[in-house]
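A structural walkthrough
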Amino acid sequence: MKRFFKIASAVLLLACSSIALKAQTQSTDESWELAKKQAQTEKKLIFVDLYFTGCMPCAQMDKDVFPNPKVAAVLSADFVTFKSDILKEEIGKKLCMKYGVTGFPTFLFMNADGKVIDIESGFQNVEQFTTLLQNAKEAAKKGIFKKYSTKIQEKEYPDFYKEAYLNGKRNVSFETADAYLKAQPSLSAEVPFVIISGLRIGRQYDDFYLKNAKQLYKDYGSGSVTNHVFTILQRKKKEFEKANDLPAFKKLLEEMKPLYSTEDWTKFEGILLKDFGVEKVVVNPSSLQK
């Protein structure tokens, strides 16, 4: 499946640390703090796998990728692994809220202090995932981290956003989110960013997001930004179709292309350009009857 639609599940990475084993049965705030302490003690990075049971891409990661000797060796040597079922465990819900997660599996790469190195989502094959691990190691050595704060401070988020992630009440009206966002001094700050990305807030915020996509990508990681950009481009496609302006739409796509890997962009560009401007005909079944 395409990465933006990968809503997945995972079983535990048995080859990794004892924290990972504990997290499978009880991922709590306490176990999360223990994972960070273990990473500090062992001078390792942290790999977080956010998943939910019944999600196919996560199950595929557990079956085909995590057990791979090459992957398991890197994880065991350089990372403390922490897994959480985001539908069953509060810490998983809180981490999703903190980072505005929208697709699963989502992978967080961070150092022992909780500084985020990068965020990725969707199924990754062995080569892709190994590259993510190596890139995380190199970025951490260079001290390159994202702008997220290191702690989960629930009081920083408006009630509608907490309700969306912690209690599954995601039918937030645009007016509610819009009123909050308009009162913020900067839409590029962490909390406004995760609200826009996590709740897929559109309308006038689409243009802001596209204009600042490259900086947001740099500040907050690829996973959340590329997912939301794709959502926006799907909305933009309808606008360009109404204007019958394929050249302008292609120009916009070229501007967003650097955010994606060559493999991903080949897939997503095909989706976005498919049947551009073709009228969607709805056939009335009764008209087919003789």
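The name that an unreviewed UniProt entry assigns to the protein chain is Thioredoxin domain-containing protein, with the source organism given as Flavobacterium plurextorum.

Considering the overall build of the protein chain
The helix and strand inventory of the protein chain stands at 14 helices and four strands. Among the 290 residues that make up the protein chain, the fraction classed as buried is 52%. Taking all contacts inside the protein chain whose residues are at least 6 apart in sequence as the whole, residues at least 24 apart take part in 72%. For the protein chain, the accessible surface area stands at approximately 14,300 Å², while carbon and sulfur atoms represent 52% of it.

Some details on unusual backbone geometry
With an omega dihedral of 0 degrees, the bond running from phenylalanine 104 to proline 105 counts as a cis peptide bond. When you line up the elements, proline 105 lands in the loop between helix H5 (90-99) and strand S3 (106-110).

Notes on the confidence of the model for the protein chain
Per-residue confidence for the protein chain gives a mean pLDDT of 89, with 87% of residues at or over 70. Segment residues 1-25 is flagged for pLDDT under 50; beyond a separation of four residues in sequence, or across chains, it makes 92 contacts in the model.

Here's the deal with the packing of helix H9 (residues 190-198) against helix H12 (residues 222-242)
Closest axis-to-axis distance for the H9/H12 pair is 9 Å, and the angle between their directions is 50 degrees. Judged by the angle between their axes, H9 and H12 are oblique. For the element pair H9 and H12, the recorded crossing hand is left-handed. Of the residues in H12, those in contact with Phe193, Ile196 and Ser197 of H9 are Ser224, Val225 and His228.

Structural notes on the pairing of strand S4 (residues 116-121)
Summarising burial for S4: five of the six residues are buried, a large majority. Taken together, the five bridges between S3 and S4 define a ladder with antiparallel strand orientation. The residue bridging threonine 106 from the neighbouring strand is serine 121, located in S4. Hairpin connection, S3 to S4: the antiparallel pair is bridged by five residues, and glycine 114 has positive phi, about 90 degrees.

Thoughts on the environment of glutamate 154
You can see glutamate 154 is positioned in the loop between helix H6 (126-142) and helix H7 (159-166). Judged by relative accessible area, glutamate 154 falls into the partly exposed class, the value being 30%. Excluding residues within four positions of it along the chain, glutamate 154 makes contact with Lys94, Met97, Lys162 and Leu166. A distance of 3.4 Å separates the side chain of glutamate 154 from the side chain of lysine 94, its partner in a polar contact.

Describing helix H3 (residues 56-65)
Within H3 the residues assigned to the buried category are Pro57, Cys58, Met61, Asp62 and Val65. Viewed along the axis of H3, the buried residues span an arc of 145 degrees, placing them on a single side of the element. Those residues of H3 that are exposed and angled more than 90 degrees off the buried face are Met56 and Lys63. On the buried face of H3, the contacting elements are strand S1 (45-51), helix H4 (69-78), strand S2 (79-85), S3 and H6.

Examining the sheet that holds S3
Spatially, S2-S1-S3-S4 is the arrangement adopted by the four strands of the open sheet, whose pairing is mixed. With one partner strand each, in any of the chains shown, S2 and S4 form the two edges of the open sheet. Looking at each pair of strands side by side, their axes are set apart by 15 degrees on average, direction ignored. The pairing of S1 with S3 spans five bridges and is classified as antiparallel. Its bridge partner lying in S3, isoleucine 46 is registered against methionine 110. Set on the sheet, H4 makes contact with S1 and S2; between it and S2 the angle comes to about 105 degrees.

Parameters at a glance
Residues numbered from 1 in each chain as written. Predicted model: local features only at pLDDT ≥ 70, side-chain atom pairs only at ≥ 80, totals over all residues. Heavy atoms only, no water. Helix = DSSP H or I, 4+ residues; strand = E, 2+ residues; numbered from the N terminus. Buried < 20%, exposed > 50% of the residue type's maximum accessible area, 1.4 Å probe, protein only. Contact = heavy atoms within 4.5 Å. Areas by Shrake-Rupley, 256 points an atom, 1.4 Å probe, with all protein chains shown as cover. pLDDT = per-residue confidence, 0-100. Axes fitted to C-alpha atoms, helices over the stretch in contact; angles between N-to-C directions. Parallel < 35°, antiparallel > 145°, perpendicular 65-115°, else oblique. Left-handed = near helix turned anticlockwise from the far one by under 90°. Pairing = 2+ DSSP bridges. Polar contact = N/O pair within 3.5 Å; in protein donor to acceptor, adjacent residues only side chain to side chain. Arc of directions from axis to C-beta.

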